[in-house]
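Chain and residue survey
Next come the chains, spelled out residue by residue.
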Number of protein chains: 2
Amino acid sequence: MRVTTIHAPGDIRLEEQPRPQLELPTDAVIKVVAACVCGSDLWPYRNADEVPEPRPIGHEVVGVVEEVGSAVRSFAPGDFVVVPFCHSDNSCPHCRAGIHSACVNGGMTAGGQAEYARVTQAEGTLVKTDGMPDPEQVPSLLALSDVMPTGWHAAVSARVRPGATVAVVGDGAVGLCGVLAARELGAERIIALSRHAPRQALAREYGATDVVAERGKEATAAVRELTDGVGADAVLECVGNGPAMRTAFSIARPGAMVGFVGVPHDVAPPMGKMFGHNVGLAGGMAPVRRYLPDLLERVLTGAIDPGRVFDLELPLDDVAEAYRAMDERRAIKVLLRP
Amino acid sequence: MRVTTIHAPGDIRLEEQPRPQLELPTDAVIKVVAACVCGSDLWPYRNADEVPEPRPIGHEVVGVVEEVGSAVRSFAPGDFVVVPFCHSDNSCPHCRAGIHSACVNGGMTAGGQAEYARVTQAEGTLVKTDGMPDPEQVPSLLALSDVMPTGWHAAVSARVRPGATVAVVGDGAVGLCGVLAARELGAERIIALSRHAPRQALAREYGATDVVAERGKEATAAVRELTDGVGADAVLECVGNGPAMRTAFSIARPGAMVGFVGVPHDVAPPMGKMFGHNVGLAGGMAPVRRYLPDLLERVLTGAIDPGRVFDLELPLDDVAEAYRAMDERRAIKVLLRP
């Protein structure tokens, strides 16, 4: 089968490899219907993470169950499933506490930009739809494998409450999903920090009431002015680098929480501000499985349409172009079809 | 009047200075009945904070109102009051959000280890008792000016819930009050990290169900064993240095919050753990005024007795010995009487 591999920064290839097999009774093998490129895939692509040796890449998948191990009871070949990027047994102490991303038996989807993907702990990991979804639902279902629950997790971690003023740092797909999450969680005012017109437009459609195009100190000043000098009740940090984290803290009001979901790269929280102003920091790798039943319902009822973050669709054969388009910010997020 | 000043690390003096005066209509002057030495007073004493020039020190006070400004309506000379270490108008947006320590008109008690102290924003800052308290209540009332609300804030920031397993790092007066707070907030299991017998004993009397005397990696292993490998639901970091923060994160279960209230000194939160395990960090300078009405009620009804953290009482004239006793850990916390 064809599978996407990264060989070095900027070097994305599609290779022929054997189809993944069931290795454990708890495994499933999924025939990929749609996959996509994650902002976190760009870290190694941009040389911010090391690539010591070539490896399969991609962790966002929806597809059809091809084969299940003997311990998998709730899924059968032919089921359409959402595959969370992190696998979990949904029964260990951490899963029971809602932190499926720290499951003691968990793992990650690796090589999801491919024709087939192996899923571990399939019984606890997968969520299926009733029958095959409409084709136009596939992008939003694919968004449930990572980007939408990750934006949701940022909002939950930042303790977005009904009536709150929320600021979202980062206008990538996660940030945009964070805007959508804040709206669903009842935020009254949502300030999106974005300077790219198409992303600003989608942010507004997702519920942003204000858009701040400035960066750095100018962004801080703009948010302060919008909030009468108080700052935001909750801040979603959806990037993961130092400048974004600094901006996030600078616009947080005293007592606010910064919810962070971008893989941290050279991030040092400002302890003086955290202490003096009681601004907290919470979040991390999203426990996708925890939010999936609720978010699936919202997608199927049409309450949310996170699939609109995919503004480019390419055949899997063009995966290298998909990375280029996202790297150059020509696309917010690229959907791939094997 | 006599006032305690710090001239350099280790150099605590009692000096004669003019009695503080009303400077603004919102001020009050308090005749100090009891004051004490704070763990944070030890930072400059131990050369961890700079002392660029001699300055008055001390910020924990109970006393009797001597004089009030014309804008102060609710207090009159003769009232017995608790003076929160941070002053606040109790009406600005940050106060209304419960973060009185970030009051836009706020300030700090400076020179509280003295015969008299000036309090700004007295109307919003002070809380009085009905009549003069019994002398034996004075230590617990004094504890309400900082140390007890600070331990409480650690527990609230760590989101201690009924039934929770809570770990407390730091066996100073704040840590011990954190144990007491965790008990009052319904924690089922409270693990106190302490290796000093008298503090261990008080921790147990305050509600600790387990005491871990180890430090560093051994402490982590001990807490993990006590929690079946899971870690604590909530961790109170009541020290403020790097080793304590590392220990706090190492014993936090995935999804836990670390509540921190020690002034941070060389603290760098472990972003990898925070992200990978979803361990959050919140807290800071305690909004004492927010918790005071509730805590005052608990003291007056005898539900809590935070004054027991004072295991040494000295006349103000012996303030230099008070610092030495705390620095050498001969005393948990020293109460001073002018």
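Residues numbered from 1 in each chain as written. Chains lettered and ligands numbered in written order. Predicted model: local features only at pLDDT ≥ 70, side-chain atom pairs only at ≥ 80, totals over all residues. Heavy atoms only, no water.

Going by the annotation in an unreviewed UniProt entry, the name recorded for chain A is Threonine dehydrogenase-like Zn-dependent dehydrogenase, with Nocardioides massiliensis given as the source organism. The record held by UniProt for chain A lists under Cofactor (unreviewed entry) the comment "Zn(2+)". The Sequence similarities (unreviewed entry) field of the UniProt record for chain A holds the comment "Belongs to the zinc-containing alcohol dehydrogenase family." (UniProt positions renumbered as here; feature names shortened; annotations may be inferred.)

Let us now look at the sheet that holds strand β2 (residues 11-16) of chain A. All names here are of chain A. Read from one edge of the open sheet, three strands run β2-β1-β4, paired in antiparallel fashion. At either end of the open sheet lies a strand with only one pairing partner, and these are β2 and β4 (55-56). For strand β1 (residues 2-8) and β2, the ladder comprises six bridges, and the chain directions are antiparallel. Counterpart to R2 in the pairing with β2 is E16. (Pairing = 2+ DSSP bridges. Helix = DSSP H or I, 4+ residues; strand = E, 2+ residues; numbered from the N terminus.)

Here the UniProt feature "domain: Enoyl reductase (ER)" (unreviewed entry) sits at residues 7-336 of chain A. Helix makes up 30% of residues 7-336 of chain A and strand 25%, and the two end C-alpha atoms of the span are 19 Å apart.

Looking now at the sheet that holds strand β4 (residues 55-56) of chain B. Residue and element names in this part refer to chain B. Taken together, three strands build an open sheet; the order of strands is β2-β1-β4 and the sheet is antiparallel. The open sheet has two edge strands, β2 (11-16) and β4, and neither has a second partner. Here two bridges tie strand β1 (residues 2-8) to β4, and the two strands are oriented antiparallel to one another. When the sheet's bridge partners are listed, I6 is paired in β4 with R55.

Once chain B has been moved 0.0 Å along the axis and rotated by 180°, it coincides with chain A to within an RMSD of 0.0 Å. In short, the pair behaves as if placed about a two-fold rotation axis. Distance from the rotation axis, computed per C-alpha, reaches its smallest value in chain B at L281 of chain B: 2.7 Å. Comparing contact sets, 100% of the residues at the interface of chain B also lie at the interface in chain A, consistent with an isologous, same-surface contact. (Least-squares fit on C-alpha atoms with pLDDT ≥ 70 in both. Contact = heavy atoms within 4.5 Å.)

Residue and element names in this part refer to chain A. Taken as a whole, chain A is organised into domain 1 (2-146 + 287-337) and domain 2 (150-283). Taken over C-alpha atoms, the centre of domain 1 sits 26 Å from the centre of domain 2. With 23 residues of domain 1 at the contact, the number on the domain 2 side is 22 residues. Contact with domain 2 buries area across many residues of domain 1, yet W43, R329 and I332 alone supply 33% of it, more than any other trio. Taken together, domain 1 and domain 2 are joined by three salt bridges. (Domains from an automatic or database assignment. Buried area = accessible area lost by both parts, 1.4 Å probe. Salt bridge = Lys/Arg side-chain N within 4 Å of Asp/Glu carboxyl O.)

This next bit is on the interface of chain B and chain A. Contacts between the two partners involve 34 residues from chain B and, on the opposite side, 34 residues from chain A. Taken over both partners, the interface formed by chain B and chain A buries close to 2600 Å², and the fraction arising from carbon and sulfur atoms is 69%. The largest per-residue losses of area from chain B upon contact with chain A belong to M271, F275 and N278 of chain B, which jointly make up 27% of the total buried on that side. The tally of links from chain B across to chain A stands at zero salt bridges. Taken together, chain B and chain A are joined by nine residue pairs in polar contact (both at pLDDT 80 or more). At the level of secondary structure, the elements contributing two or more residues to the side of chain B that touches chain A comprise α2 (93-96), β15 (252-260), α10 (271-277) and β16 (280-283) of chain B. Of the residues that constitute the side of chain B that touches chain A, the class distribution is 21 nonpolar, eleven polar and two charged. (Polar contact = N/O pair within 3.5 Å; in protein donor to acceptor, adjacent residues only side chain to side chain. Nonpolar A, V, L, I, M, F, W, Y, C, P; charged D, E, K, R; others polar.)

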